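Structural features, examined
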Amino acid sequence: MTVVKINVLAAKGDPAELERRFAARKHSVDAEPGFEGFELLRPVSGQDRYFVVTRWADDASFEAWRAKRQPRDPSTTASTSDGIYEFEVVDLG
């Protein structure tokens, strides 16, 4: 069952820097087993948080990718995480 994970990010400093960093590594997850795609959503209409929407074949694929990630030095990141939303895609058959 496809799952959707939405990471909520607040830009640190210039939001354009956050977008540049995502653009520079937009295909870095493509080869991960179970990865189906992602979008970076820019805030509008008074919002200030970005959403990183990822789709995975199943929760196990997402968790395996997350377990492999290297921790990042917070002083070098362009954003801070405001949490993650998790969904299953409903088959409306």
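Here the structure is shown first, and the text comes after it.
Bear in mind that the values here come from a model prediction, so they are computed numbers and not experimental data.

This part covers the environment of Phe35. Mapped onto the elements of the fold, Phe35 is located in strand E2 (residues 35-41). According to the relative accessible area criterion, Phe35 is buried, its value standing at 13%. Note: C-alpha distance between Phe35 and Trp56 (21 residues apart in sequence) is 4.7 Å. With residues near it in sequence (within four places) discarded, Phe35 still touches Val29, Asp30, Thr54, Arg55 and Trp56.

Tallying each qualifying case throughout the model produces eight salt bridges. We note a salt bridge from Glu86 to Lys5, for which the minimum N-O separation is 2.4 Å. Remark: Lys5 occurs in strand E1 (residues 3-11) and Glu86 occurs in strand E4 (residues 79-88); sequence separation between them is 81 residues. The partner of Glu17 in a salt bridge is Arg21, and the shortest N-O contact between them spans 2.8 Å. Taken together, the residues span about one helical turn, with Glu17 and Arg21 both in helix H1 (residues 15-24) at a distance of four residues. A relative accessible area of 34% places Arg21 in the partly exposed class. Several salt bridges share partner residues, and in doing so they unite Asp14, Glu17, Arg20 and Arg21 into one network.

Basis of the calculations
- Residues numbered from 1 in each chain as written.
- Predicted model: local features only at pLDDT ≥ 70, side-chain atom pairs only at ≥ 80, totals over all residues.
- Heavy atoms only, no water.
- Helix = DSSP H or I, 4+ residues; strand = E, 2+ residues; numbered from the N terminus.
- Buried < 20%, exposed > 50% of the residue type's maximum accessible area, 1.4 Å probe, protein only.
- Contact = heavy atoms within 4.5 Å.
- Salt bridge = Lys/Arg side-chain N within 4 Å of Asp/Glu carboxyl O.

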